[in-house]
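# Per-entry structural report
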Amino acid sequence: MREEVILITGANGEIGHGLISKICRENKARIVALDLKPLDESLTPFCDRFIQGDILDNMLLGRIMAEFEISSIFHLASILSTKSEYTPEAAHKVNVEGTINLLRLGVELSQWQGKPVKFIYPSSIAVYGLPDLETKVREGRIKEYQWCTPTTMYGCNKIYCEHLGRYYSKFYRQLAKDRSKNMLDFRCIRFPGLISADTIPTGGTSDYGPEMLHNAAQNKPYACFVRQDTQIPFMAMPDAIKALLSLEEAERESLSQLSYNVSSFSPTAEEIRRYVIKAFPGAEISYDVHSSRQTIVDSWPIDIDDTPAKNDWSWSPDYDIDRSFNDYLIPAIKKRYA
(Lines give C-alpha, C1' and ligand atoms only; values in the text may rest on other atoms or scores of the structure.)
Protein backbone atom coordinates (compact mmCIF):
# COMPACT_ATOMS: atom_id res chain seq x y z
CA MET A 1 0.00 0.00 0.00
CA ARG A 2 1.41 3.41 -1.00
CA GLU A 3 2.12 5.86 1.81
CA GLU A 4 0.51 9.33 1.85
CA VAL A 5 3.23 11.96 2.18
CA ILE A 6 4.30 15.52 1.46
CA LEU A 7 7.18 15.77 -1.04
CA ILE A 8 9.70 18.55 -0.40
CA THR A 9 12.36 19.26 -3.02
CA GLY A 10 15.45 21.30 -2.21
CA ALA A 11 15.16 20.06 1.36
CA ASN A 12 18.61 21.31 2.41
CA GLY A 13 17.92 24.95 1.58
CA GLU A 14 17.00 27.81 3.90
CA ILE A 15 13.27 27.34 3.46
CA GLY A 16 13.54 23.55 3.54
CA HIS A 17 15.08 23.57 7.02
CA GLY A 18 12.31 25.65 8.53
CA LEU A 19 9.49 23.98 6.64
CA ILE A 20 10.49 20.39 7.45
CA SER A 21 10.96 21.02 11.16
CA LYS A 22 7.68 22.98 11.39
CA ILE A 23 5.63 20.28 9.64
CA CYS A 24 7.15 17.61 11.86
CA ARG A 25 6.67 19.54 15.11
CA GLU A 26 3.01 20.06 14.33
CA ASN A 27 2.51 16.47 13.13
CA LYS A 28 0.97 17.75 9.91
CA ALA A 29 2.14 14.95 7.64
CA ARG A 30 4.84 12.45 6.82
CA ILE A 31 7.68 13.90 4.77
CA VAL A 32 9.70 12.61 1.82
CA ALA A 33 12.64 14.94 1.26
CA LEU A 34 14.56 15.23 -2.01
CA ASP A 35 17.87 17.02 -2.53
CA LEU A 36 20.92 16.80 -4.75
CA LYS A 37 23.23 16.70 -1.70
CA PRO A 38 23.11 14.47 1.40
CA LEU A 39 20.48 15.61 3.87
CA ASP A 40 21.59 17.84 6.73
CA GLU A 41 21.85 15.62 9.82
CA SER A 42 19.63 18.00 11.78
CA LEU A 43 16.75 17.23 9.39
CA THR A 44 17.09 13.44 9.37
CA PRO A 45 14.82 12.79 12.39
CA PHE A 46 12.00 14.80 10.77
CA CYS A 47 11.83 12.90 7.46
CA ASP A 48 10.27 9.51 6.84
CA ARG A 49 12.46 9.16 3.79
CA PHE A 50 15.29 11.07 2.21
CA ILE A 51 16.04 10.57 -1.47
CA GLN A 52 19.29 11.94 -2.81
CA GLY A 53 18.75 12.83 -6.44
CA ASP A 54 18.12 15.36 -9.17
CA ILE A 55 14.78 16.92 -10.12
CA LEU A 56 15.97 16.57 -13.73
CA ASP A 57 15.97 12.77 -13.35
CA ASN A 58 12.59 11.68 -14.70
CA MET A 59 13.23 8.02 -13.86
CA LEU A 60 13.76 8.96 -10.22
CA LEU A 61 10.58 11.04 -10.17
CA GLY A 62 8.69 8.12 -11.70
CA ARG A 63 9.86 5.83 -8.89
CA ILE A 64 8.73 8.38 -6.30
CA MET A 65 5.32 8.57 -7.97
CA ALA A 66 5.00 4.79 -7.91
CA GLU A 67 6.01 4.42 -4.27
CA PHE A 68 4.22 7.27 -2.52
CA GLU A 69 0.75 8.78 -2.47
CA ILE A 70 1.71 12.44 -2.54
CA SER A 71 -0.86 14.93 -1.26
CA SER A 72 1.28 18.10 -1.62
CA ILE A 73 4.51 19.06 -3.35
CA PHE A 74 6.58 21.92 -1.93
CA HIS A 75 8.99 22.64 -4.77
CA LEU A 76 11.88 24.54 -3.17
CA ALA A 77 14.81 23.38 -5.32
CA SER A 78 16.39 26.12 -7.42
CA ILE A 79 19.59 27.95 -8.34
CA LEU A 80 19.38 31.36 -6.65
CA SER A 81 19.68 34.81 -8.15
CA THR A 82 23.39 35.63 -7.91
CA LYS A 83 24.62 32.23 -9.07
CA SER A 84 22.02 32.27 -11.85
CA GLU A 85 23.67 35.35 -13.34
CA TYR A 86 27.00 33.54 -13.58
CA THR A 87 25.48 30.36 -15.06
CA PRO A 88 22.20 31.44 -16.70
CA GLU A 89 21.79 28.37 -18.91
CA ALA A 90 22.35 26.00 -15.98
CA ALA A 91 19.88 28.06 -13.94
CA HIS A 92 17.27 27.78 -16.68
CA LYS A 93 17.77 24.02 -16.86
CA VAL A 94 17.31 23.50 -13.11
CA ASN A 95 14.77 26.22 -12.38
CA VAL A 96 12.52 25.73 -15.40
CA GLU A 97 13.03 22.19 -16.69
CA GLY A 98 13.10 20.81 -13.15
CA THR A 99 9.83 22.63 -12.39
CA ILE A 100 8.21 21.26 -15.56
CA ASN A 101 9.20 17.74 -14.50
CA LEU A 102 7.54 18.21 -11.12
CA LEU A 103 4.44 19.88 -12.55
CA ARG A 104 3.98 16.93 -14.88
CA LEU A 105 4.47 14.60 -11.91
CA GLY A 106 1.76 16.52 -10.04
CA VAL A 107 -0.66 16.25 -12.97
CA GLU A 108 -0.08 12.51 -13.34
CA LEU A 109 -0.39 11.92 -9.61
CA SER A 110 -3.66 13.85 -9.37
CA GLN A 111 -5.10 11.85 -12.26
CA TRP A 112 -3.84 8.51 -10.93
CA GLN A 113 -4.96 9.14 -7.35
CA GLY A 114 -8.28 10.63 -8.41
CA LYS A 115 -7.88 13.69 -6.17
CA PRO A 116 -6.08 17.04 -6.32
CA VAL A 117 -2.38 17.27 -5.60
CA LYS A 118 -1.35 20.67 -4.24
CA PHE A 119 1.75 22.20 -5.82
CA ILE A 120 3.21 24.95 -3.60
CA TYR A 121 5.75 27.10 -5.41
CA PRO A 122 7.93 29.82 -3.83
CA SER A 123 8.50 32.65 -6.27
CA SER A 124 10.27 35.93 -5.60
CA ILE A 125 10.28 39.72 -5.85
CA ALA A 126 12.87 39.03 -8.57
CA VAL A 127 9.90 38.71 -10.96
CA TYR A 128 9.58 42.51 -10.80
CA GLY A 129 11.75 44.80 -12.88
CA LEU A 130 11.44 48.53 -12.30
CA PRO A 131 13.40 50.58 -14.86
CA ASP A 132 15.00 53.16 -12.54
CA LEU A 133 15.10 54.50 -8.98
CA GLU A 134 12.69 57.34 -9.74
CA THR A 135 10.04 54.86 -10.87
CA LYS A 136 10.78 52.58 -7.92
CA VAL A 137 10.18 55.40 -5.42
CA ARG A 138 7.12 56.69 -7.26
CA GLU A 139 5.43 53.27 -7.54
CA GLY A 140 5.90 52.33 -3.87
CA ARG A 141 4.04 49.11 -3.03
CA ILE A 142 3.73 46.90 -6.11
CA LYS A 143 0.75 44.67 -6.88
CA GLU A 144 1.14 41.19 -8.39
CA TYR A 145 0.30 42.30 -11.94
CA GLN A 146 2.59 45.36 -12.04
CA TRP A 147 6.10 45.60 -13.50
CA CYS A 148 6.52 41.86 -14.17
CA THR A 149 9.53 42.61 -16.37
CA PRO A 150 12.45 40.90 -14.60
CA THR A 151 16.05 41.79 -15.40
CA THR A 152 17.68 38.60 -14.06
CA MET A 153 17.66 34.99 -15.24
CA TYR A 154 16.32 33.97 -11.82
CA GLY A 155 13.44 36.44 -12.13
CA CYS A 156 12.71 35.28 -15.67
CA ASN A 157 12.72 31.66 -14.48
CA LYS A 158 10.34 32.44 -11.62
CA ILE A 159 7.75 34.39 -13.62
CA TYR A 160 7.82 31.77 -16.38
CA CYS A 161 7.31 28.97 -13.86
CA GLU A 162 4.33 30.85 -12.43
CA HIS A 163 2.83 30.82 -15.93
CA LEU A 164 3.72 27.15 -16.30
CA GLY A 165 1.90 26.44 -13.05
CA ARG A 166 -1.20 28.16 -14.42
CA TYR A 167 -0.90 26.19 -17.67
CA TYR A 168 -0.39 22.79 -16.05
CA SER A 169 -3.23 23.33 -13.59
CA LYS A 170 -5.78 24.77 -16.05
CA PHE A 171 -4.84 24.16 -19.68
CA TYR A 172 -2.50 21.14 -19.86
CA ARG A 173 -2.96 19.21 -23.14
CA GLN A 174 -6.14 21.16 -23.81
CA LEU A 175 -6.44 19.93 -27.43
CA ALA A 176 -5.72 16.26 -26.75
CA LYS A 177 -8.59 13.89 -27.60
CA ASP A 178 -7.80 11.68 -24.61
CA ARG A 179 -7.44 14.63 -22.22
CA SER A 180 -8.69 13.67 -18.76
CA LYS A 181 -9.78 15.98 -15.96
CA ASN A 182 -6.83 17.83 -14.48
CA MET A 183 -6.83 18.30 -10.74
CA LEU A 184 -3.38 19.81 -10.13
CA ASP A 185 -3.80 22.62 -7.57
CA PHE A 186 -0.99 25.13 -8.19
CA ARG A 187 -0.40 27.84 -5.57
CA CYS A 188 2.44 30.36 -5.54
CA ILE A 189 3.94 32.85 -3.08
CA ARG A 190 6.19 35.71 -4.15
CA PHE A 191 8.62 36.13 -1.28
CA PRO A 192 10.63 39.23 -0.38
CA GLY A 193 14.20 38.82 0.83
CA LEU A 194 14.27 36.10 3.50
CA ILE A 195 16.43 36.21 6.63
CA SER A 196 17.08 33.02 8.58
CA ALA A 197 18.85 32.47 11.88
CA ASP A 198 19.35 28.77 11.19
CA THR A 199 21.14 28.62 7.85
CA ILE A 200 24.02 30.43 6.16
CA PRO A 201 23.13 32.74 3.22
CA THR A 202 23.66 30.88 -0.05
CA GLY A 203 23.87 33.37 -2.89
CA GLY A 204 20.70 35.40 -3.03
CA THR A 205 21.05 38.99 -4.22
CA SER A 206 19.11 40.12 -1.13
CA ASP A 207 21.55 38.32 1.18
CA TYR A 208 23.36 41.50 2.22
CA GLY A 209 20.97 41.60 5.22
CA PRO A 210 21.70 38.16 6.65
CA GLU A 211 25.36 38.42 5.63
CA MET A 212 25.75 41.47 7.88
CA LEU A 213 24.41 39.49 10.83
CA HIS A 214 26.37 36.29 10.31
CA ASN A 215 29.66 38.10 9.72
CA ALA A 216 29.19 40.36 12.74
CA ALA A 217 28.46 37.38 14.98
CA GLN A 218 31.75 35.80 13.87
CA ASN A 219 33.75 39.03 14.36
CA LYS A 220 34.42 39.19 10.63
CA PRO A 221 34.44 42.52 8.79
CA TYR A 222 31.77 42.82 6.12
CA ALA A 223 31.56 45.08 3.07
CA CYS A 224 27.93 45.49 2.06
CA PHE A 225 27.54 45.29 -1.72
CA VAL A 226 24.63 47.78 -1.96
CA ARG A 227 24.21 51.45 -1.04
CA GLN A 228 23.07 52.61 2.39
CA ASP A 229 19.73 53.85 1.05
CA THR A 230 18.89 50.61 -0.78
CA GLN A 231 15.40 49.50 0.20
CA ILE A 232 13.52 46.27 -0.55
CA PRO A 233 11.05 44.19 1.49
CA PHE A 234 12.28 41.46 3.84
CA MET A 235 10.74 38.72 5.95
CA ALA A 236 11.90 36.54 8.84
CA MET A 237 12.04 32.85 7.97
CA PRO A 238 9.33 31.75 10.46
CA ASP A 239 6.86 34.01 8.63
CA ALA A 240 7.91 32.52 5.29
CA ILE A 241 7.15 29.04 6.64
CA LYS A 242 3.86 30.27 8.08
CA ALA A 243 2.89 31.73 4.70
CA LEU A 244 3.65 28.50 2.81
CA LEU A 245 1.65 26.36 5.21
CA SER A 246 -1.22 28.85 5.40
CA LEU A 247 -1.55 28.93 1.63
CA GLU A 248 -1.31 25.14 1.44
CA GLU A 249 -4.11 24.77 4.00
CA ALA A 250 -6.44 27.37 2.43
CA GLU A 251 -9.64 26.19 0.76
CA ARG A 252 -9.33 26.32 -3.02
CA GLU A 253 -12.64 28.19 -3.26
CA SER A 254 -11.26 31.07 -1.20
CA LEU A 255 -8.34 31.74 -3.56
CA SER A 256 -8.95 34.42 -6.17
CA GLN A 257 -5.56 34.07 -7.88
CA LEU A 258 -2.65 31.64 -8.27
CA SER A 259 0.25 33.91 -7.23
CA TYR A 260 0.32 36.00 -4.05
CA ASN A 261 2.65 38.65 -2.66
CA VAL A 262 3.52 38.40 1.02
CA SER A 263 5.44 41.05 2.92
CA SER A 264 6.51 42.02 6.43
CA PHE A 265 8.94 44.97 6.73
CA SER A 266 10.94 47.08 4.30
CA PRO A 267 14.16 48.53 5.76
CA THR A 268 17.06 50.29 4.08
CA ALA A 269 20.48 48.64 4.19
CA GLU A 270 21.55 51.25 6.74
CA GLU A 271 18.60 50.42 9.01
CA ILE A 272 19.66 46.75 8.97
CA ARG A 273 23.25 47.83 9.73
CA ARG A 274 22.07 49.79 12.77
CA TYR A 275 20.27 46.77 14.22
CA VAL A 276 23.40 44.67 13.70
CA ILE A 277 25.75 47.28 15.25
CA LYS A 278 23.46 47.62 18.26
CA ALA A 279 23.62 43.86 18.85
CA PHE A 280 27.32 43.53 18.00
CA PRO A 281 28.93 46.88 18.94
CA GLY A 282 32.34 45.87 17.62
CA ALA A 283 31.08 44.85 14.19
CA GLU A 284 32.91 46.30 11.19
CA ILE A 285 30.35 46.91 8.44
CA SER A 286 31.29 49.12 5.52
CA TYR A 287 29.88 49.74 2.06
CA ASP A 288 31.59 48.59 -1.12
CA VAL A 289 28.93 48.85 -3.81
CA HIS A 290 28.95 46.17 -6.50
CA SER A 291 27.45 48.08 -9.41
CA SER A 292 25.84 45.12 -11.17
CA ARG A 293 24.27 43.67 -8.03
CA GLN A 294 23.14 47.17 -7.03
CA THR A 295 21.39 47.57 -10.38
CA ILE A 296 19.53 44.31 -9.83
CA VAL A 297 18.38 45.27 -6.33
CA ASP A 298 17.33 48.71 -7.58
CA SER A 299 14.99 46.98 -10.06
CA TRP A 300 13.08 45.34 -7.20
CA PRO A 301 10.26 47.24 -5.47
CA ILE A 302 10.56 49.17 -2.22
CA ASP A 303 7.63 47.11 -0.96
CA ILE A 304 4.93 44.78 -2.28
CA ASP A 305 1.17 44.90 -1.78
CA ASP A 306 -0.05 41.71 -0.08
CA THR A 307 -3.73 42.71 0.22
CA PRO A 308 -5.03 39.69 -1.77
CA ALA A 309 -3.21 37.28 0.56
CA LYS A 310 -4.71 39.06 3.58
CA ASN A 311 -8.20 38.94 2.07
CA ASP A 312 -8.13 35.41 0.63
CA TRP A 313 -6.32 33.38 3.28
CA SER A 314 -5.93 35.76 6.25
CA TRP A 315 -2.21 36.33 5.79
CA SER A 316 -0.59 38.34 8.57
CA PRO A 317 3.10 38.30 9.54
CA ASP A 318 4.06 37.57 13.14
CA TYR A 319 7.42 39.36 12.92
CA ASP A 320 7.86 43.08 12.33
CA ILE A 321 11.41 44.42 12.05
CA ASP A 322 11.90 44.82 15.83
CA ARG A 323 10.70 41.34 16.67
CA SER A 324 12.58 39.83 13.73
CA PHE A 325 15.92 41.15 14.94
CA ASN A 326 15.50 41.35 18.71
CA ASP A 327 13.49 38.18 19.38
CA TYR A 328 14.45 35.87 16.53
CA LEU A 329 17.59 36.67 14.56
CA ILE A 330 20.01 38.15 17.05
CA PRO A 331 19.49 35.68 19.96
CA ALA A 332 19.66 32.66 17.66
CA ILE A 333 22.71 33.86 15.73
CA LYS A 334 24.55 34.77 18.95
CA LYS A 335 23.86 31.26 20.22
CA ARG A 336 24.98 29.72 16.93
CA TYR A 337 28.43 31.32 17.08
CA ALA A 338 28.93 31.32 20.85
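Residues numbered from 1 in each chain as written. Predicted model: local features only at pLDDT ≥ 70, side-chain atom pairs only at ≥ 80, totals over all residues. Heavy atoms only, no water.

Viewed as axis vectors pointing N to C, helix α7 (residues 208-217) and helix α12 (residues 321-336) meet at an angle of 40 degrees, and their least axial separation amounts to 9 Å. Taken together, α7 and α12 sit at an angle that is classed as oblique. The handedness of the crossing between α7 and α12 is right-handed. For the pair α7 and α12, the contacting residues are L213, H214 and A217 in the first and F325, L329, I330, I333 and R336 in the second. (Axes fitted to C-alpha atoms, helices over the stretch in contact; angles between N-to-C directions. Helix = DSSP H or I, 4+ residues; strand = E, 2+ residues; numbered from the N terminus. Parallel < 35°, antiparallel > 145°, perpendicular 65-115°, else oblique. Left-handed = near helix turned anticlockwise from the far one by under 90°. Contact = heavy atoms within 4.5 Å.)

It is worth spelling out the pattern of salt bridges at this point. With the rule as written, the count across this model stands at 20 salt bridges. With its nearest N and O atoms 3.4 Å apart, the salt bridge here joins E97 to K93. Taken as a pair, E97 and K93 lie in helix α4 (residues 88-113) at a separation of 4 residues, close to a single helical turn. A salt bridge links R274 to E270, with the nearest nitrogen and oxygen atoms 3.7 Å apart. Note that R274 and E270 are positioned in helix α9 (residues 269-279) at a spacing of 4 residues, about one turn of the helix. A relative accessible area of 54% places R274 in the exposed class. Judged by relative accessible area, E270 falls into the buried class, the value being 12%. Three or more residues joined by partner-sharing salt bridges are found here, namely R141, D303, D306 and K310. (Salt bridge = Lys/Arg side-chain N within 4 Å of Asp/Glu carboxyl O. Buried < 20%, exposed > 50% of the residue type's maximum accessible area, 1.4 Å probe, protein only.)

Glancing now at the nonpolar core. Core analysis: the biggest nonpolar cluster contains 75 residues, and F191, Y208 and W313 have the highest contact counts within it. The element contributing the most residues to this core is helix α8 (residues 237-249), with 7 residues. Discounting residues that sit within four places of it in the chain, Y208 has contacts with Y222, C224, F225, V226, T230, I232, F234, A269, I272 and V297. The next biggest cluster of nonpolar side chains, apart from the first, holds 31 residues, and it includes L7, I51, M65 and I73. (Core = buried A, V, L, I, M, F, W, Y, C linked by side-chain atoms within 4.5 Å.)

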